[in-house]
Amino acid sequence: MIPAATAKYDWILALTTIAFVFSAFGNGANDVANSYATSVAARTLEMWHVGILAACTEFIGAVALGSRVTDTIKSGIIELDRFKGNPGTLMLAMGCAEVGSATWLMVATGLGWPVSTTQTTIGALVGVGFATQTSIHWEWTSGSVSQTAASWGIAPGIAAGFAAIIFGTLKYSVLERKDSFKWAMRLIPVYLSVTGAILALFIFIEAPTVGDLEEFGAGKVVGIVLGVFGGCLLISLVFFMPYFYRRLVKEDARVQFYHLLLGPYLLKDDPWLPFPGKGDNPVKNYYEDAYGEVRAGQKDEKTAGPEEPTRQSSISKSGLNTNDVERIPDSVQSSPEIQPKKKHIEPHERFITPVEHLPWTSPAKWLGYTKWFFLQGVTRDVITHDSELLRAIHARAHRYDDRVEHLWTYCQVVSAMMMSIAHGSNDVANAVGPWAAVYETFRTGKTDAEAPTPIWFLVVAGILLGLGFWFYGFKIMRAMGNKITQMSPTRGFSMELGAAITVLLASRLGLPVSTTQCLTGAALGVALMNYDLGAVNWRQLAFIFGGWVLTLPCAGLTAGLLCLMALNTPHF
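Remember, it's a predicted structure, so these values are computed and weren't measured experimentally.

Rules behind the numbers
- Residues numbered from 1 in each chain as written.
- Predicted model: local features only at pLDDT ≥ 70, side-chain atom pairs only at ≥ 80, totals over all residues.
- Heavy atoms only, no water.
- Helix = DSSP H or I, 4+ residues; strand = E, 2+ residues; numbered from the N terminus.
- Buried < 20%, exposed > 50% of the residue type's maximum accessible area, 1.4 Å probe, protein only.
- Contact = heavy atoms within 4.5 Å.
- Areas by Shrake-Rupley, 256 points an atom, 1.4 Å probe, with all protein chains shown as cover.
- Polar contact = N/O pair within 3.5 Å; in protein donor to acceptor, adjacent residues only side chain to side chain.
- Core = buried A, V, L, I, M, F, W, Y, C linked by side-chain atoms within 4.5 Å.
- Domains from an automatic or database assignment.
- pLDDT = per-residue confidence, 0-100.
- Patch = residues over 30% accessible without salt bridge, like charges linked within 9 Å, V, L, I, M, F, W, Y side chains within 5 Å.
- Salt bridge = Lys/Arg side-chain N within 4 Å of Asp/Glu carboxyl O.
- Expected span 1.5 Å × (residues − 1).
- Axes fitted to C-alpha atoms, helices over the stretch in contact; angles between N-to-C directions.
- Parallel < 35°, antiparallel > 145°, perpendicular 65-115°, else oblique.
- Left-handed = near helix turned anticlockwise from the far one by under 90°.
- Nonpolar A, V, L, I, M, F, W, Y, C, P; charged D, E, K, R; others polar.
- UniProt positions renumbered as here; feature names shortened; annotations may be inferred.
- Phe/Tyr/Trp six-rings, centres within 6.5 Å; stacked < 30°, edge-to-face > 60°.
- Lys NZ or Arg CZ within 6 Å of the ring centre and 35° of its normal.

K.L.:
Even after reading the chapter, I still don't get the overall build of the protein, so can you show me in this structure?
P.N.:
A tally of regular secondary structure across the protein gives 22 helices and two strands. Across the 572 residues in the protein, those meeting the buried criterion constitute 53%. Considering only contacts within the protein whose residues lie at least 6 apart along the sequence, 80% involve residues at least 24 apart. On the protein, roughly 24500 Å² of surface is accessible, and the fraction owed to carbon and sulfur atoms is 65%.

Quick look at the structure:
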């Protein structure tokens, strides 16, 4: 039975529910894209692959690891005493906060701004705090506004340092050695195992269902990490190494990722393979764009002496010679019969153009528009940028052996999935929190700081997170990938792991950091390992930083002004 004090405010619950849908959708479009941006930019995964993975990992994180009790009112930001005895005012304030958060997330995503969903929610709450004349915590305390502002510089800086160290270690232990592929085959089991162990620790500590680590015991934590490391090492030696040997050493183009399960059987001279792949090259070119052009390594070619081999010359064994004249624009102009790869076909051209001349009575036309609606978000080119500035930036990045890059695609995918799971388990509360506060206040008529979050809330939020990326995440994928620097699997792996370590340490220290900001800082750290400031797109970084700075005031103004107008609207 709904209390009489809140029964008349069912319209607030309805409007907040609508705002929650857009907030969770925007959360998925913005933050989920961050987790997988490097994987797509490095050509490790396709957009539709990520769409499916994101839907699964975000749902698992939100439902399986999501907290069952959400601090719905963010008492670390505003005081609750102001709302005692006024449940309707609390519902209105939280509803306006949800609207403010949803509005800014959708606008920022449309502009290609990777922003923090946590800081968006905090900004919206600050806005309603001003509107309701509620005390706001500005002092340096856990979760306060001052700590949030400080994280703009702290989180990216720490993540940049960790990512640079990881990529530097990989660079000098593998990538820049004389026979990089040989060293890669020797060390990849260790890298796979370390990655699994670190990310297992990351998920273990970040999961809100784990509880206090001190009570759990440091010995148990160390045991779990070492157990994961040993298990990953065993799996790497038994399954991954035979697969790598068959695909990269024997250059067997028939081998696909699902043949991993065959394990040692792949070591035979000519194994029978179910559902073999078709193609000539065992690995793809991880540096080419949708036009088939490769920019990375051009500076190395210009600075190399006449008899000095460049990094690109070591790639020929894999059958991927980047000096192929068909990929040099000058040769295309001088020899028209030689054409580069065809431009990526965008969704409108792919689905609508072939059927737009048909009448609406034609099923083919309806099918074409249906495909466009459901697939337009995951069939776009987010790798290629038609910009002379970016071409010059990418040309300054070093180019490494594609066989080595292929080995690290598996580490990169695992790290991206774990980051996405962690995001679903933690940041889902940003969208669910205000909605749950309004729902619980409406149901009980009380203004409690904590309210139980029904499991179906988390289910709905998990689905919306995946849908947000599927339909609208391409905007942030484009902004966080090759638009900052030239991406590759080894670079993407270093960025993801550096960001994960940063979030892990910050969580234990009680510092509020954003995965968005950590990944951006990690991208800068890896880009600087080219030892060339020109290999970084400083304009894009300034653009992204501007989005961070505008998050608090924009979300706050939207929520605060809306709340202020609602509170002071004449009524009967």
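K.L.:
Mind showing me how you'd approach the environment of Arg-247 here?
P.N.:
Within the secondary structure, Arg-247 is located in helix α9 (residues 218-249). Along the primary structure Arg-247 and Leu-266 are separated by 19 residues, whereas in three dimensions their C-alpha atoms are 9.2 Å apart. Those residues in contact with Arg-247 that lie beyond four places of it in its chain are Asp-252, Val-255, Gln-256, Phe-257, Pro-282, His-406 and Tyr-410. Looking at Arg-247, its side chain comes within polar contact range of the side chain of Tyr-243, at 2.6 Å.

K.L.:
Got a minute to help me understand the nonpolar core in this structure?
P.N.:
Soluble globular proteins: nonpolar side chains tend toward being buried together. Counting residues in hydrophobic clusters, the biggest one holds 122 residues, and the most contacted among them are Ile-188, Phe-244, Leu-407, Trp-408 and Met-477. When residues are assigned to domains, this core turns out to be shared by domain 1 (4-173 + 393-397 + 414-500 + 510-566) and domain 2 (176-277), each giving three or more. Not counting residues up to four positions away in its chain, the partners in contact with Leu-407 are Phe-181, Ala-184, Met-185, Ile-188, Phe-244 and Leu-248. In this structure, Trp-104, Leu-105, Val-115 and Ala-555 belong to the second largest nonpolar core, which totals six residues.

K.L.:
In this structure, what is going on with the confidence of the model for the protein? I would like to understand it.
P.N.:
Interpretation of this model should avoid reading the predicted coordinates in detail wherever pLDDT is low. Per-residue pLDDT for the protein has a mean of 81; in total, 84% of the residues score no lower than 70. Across the protein, element-level confidence peaks in helix α13 (residues 363-375) with a mean pLDDT of 93 and bottoms out in helix α11 (residues 329-334) with 40. Low confidence marks residues 310-340, where pLDDT is under 50. Its contacts with residues over four positions away, or in another chain, come to 54 contacts.

K.L.:
Mind showing me how you'd approach a nonpolar patch on the surface here?
P.N.:
Together, Trp-11, Leu-15, Ile-18, Val-21 and Phe-22 make up a nonpolar patch on the protein surface, roughly 490 Å² of accessible area in all. Along the chain, the position of Phe-22 falls in helix α2 (residues 10-41). The class for Phe-22 is partly exposed, based on a relative accessible area of 43%.

K.L.:
What should I look at first to understand helix α4 (residues 87-110) in this one?
P.N.:
Each turn of an α-helix holds 3.6 residues, which means side chains three or four residues apart point in the same direction. With 24 residues, α4 should cover 34 Å at 1.5 Å per step; its first-to-last C-alpha distance of 35 Å lies within 8% of that length. Counting buried positions over the 24 residues of α4 gives 18, a clear majority of the element.

K.L.:
How should I be thinking about the pattern of salt bridges in this particular structure?
P.N.:
In a structure, side chains of opposite charge can pair up when their charged atoms sit close to one another. Here the structure, examined in full by the defined rule, presents eight salt bridges. Across the pair Arg-399 and Asp-402 runs a salt bridge whose closest N-O atoms are separated by 3.2 Å. Both residues of the pair, Arg-399 and Asp-402, count as buried. One salt-bridge network, in which partners are shared between bridges, spans Arg-246, Asp-252, Arg-254 and Asp-270.

K.L.:
Just to check I follow, could you spell out helix α18 (residues 455-472) for this structure?
P.N.:
Taking 1.5 Å per residue, 18 residues should reach 26 Å; α18 reaches 26 Å between its end C-alpha atoms and fits that length. Inspection of α18 places Phe-457, Leu-458, Ala-461, Gly-462, Leu-464, Leu-465, Gly-466, Gly-468, Phe-469, Trp-470 and Phe-471 among the buried residues, and these make up the whole buried set.

K.L.:
Is there a simple way to explain the side chain of Ser-415 in this structure?
P.N.:
On the secondary structure map, Ser-415 appears in helix α16 (residues 409-426). Looking at Ser-415, its side chain comes within polar contact range of the main-chain oxygen of Gln-412, at 2.8 Å. Residues in contact with Ser-415, not counting those within four places in the same chain, are Leu-199 and Glu-496.

K.L.:
What is the right way to look at the packing of α2 against helix α17 (residues 428-444) in this model?
P.N.:
Helix-helix packing: each pair is described by the crossing angle between the helix axes and the interaxial distance. Their axes nearest at 8 Å, the elements α2 and α17 cross at an angle of 165 degrees. Taken together, the axes of α2 and α17 are roughly antiparallel relative to one another. In the packing of α2 onto α17, the handedness of the crossing is left-handed. Contacts between α2 and α17 pair Asp-10, Ile-12, Leu-13, Thr-16, Thr-17, Phe-20, Ser-23, Ala-24 and Asn-27 from the former with Asn-430, Ala-431, Val-432, Pro-434, Trp-435, Val-438, Tyr-439 and Phe-442 from the latter. When grouped by side-chain class, the residues that make up the contact of α2 with α17 number 11 nonpolar, five polar and one charged.

K.L.:
Looking at this structure, how should I read the UniProt feature "transmembrane region" (unreviewed entry) in the protein?
P.N.:
In the numbering used here, UniProt assigns the "transmembrane region" (unreviewed entry) feature to residues 47-67, 88-107, 149-170, 190-209, 221-245, 407-425, 455-472 and 541-567. Structurally, residues 88-107 comprises 100% helix and 0% strand, and the distance from its first C-alpha atom to its last is 29 Å. Strand forms 0% of residues 221-245 and helix 100%; the C-alpha atoms that close the span are 34 Å apart.

K.L.:
Would you mind going over the packing of aromatic side chains with me for this structure?
P.N.:
What characterises a pair of aromatic rings is the spacing of the ring centres plus the angle enclosed by the ring planes. A full pass over the atoms with the stated rule returns 23 aromatic pairs. Between Tyr-243 and Phe-244, the ring centres sit 5.7 Å apart and the planes meet at 55 degrees, which makes this aromatic pair tilted. Judged by its relative accessible area of 0%, Tyr-243 is buried. Their ring planes at 85 degrees and their centres at 6.3 Å tell us that Tyr-472 and Phe-474 sit as a pair that is edge-to-face. Using a relative accessible area of 22% as the deciding quantity, one classes Tyr-472 as partly exposed. According to the relative accessible area criterion, Phe-474 is buried, its value standing at 5%. Here the aromatic residues Phe-20, Trp-435, Tyr-439, Trp-456 and Phe-457 are joined through ring pairs into a cluster of three or more. Here the guanidinium or amino end of Arg-177 rests over the ring plane of Trp-183, the centre of that ring lying 3.5 Å away.

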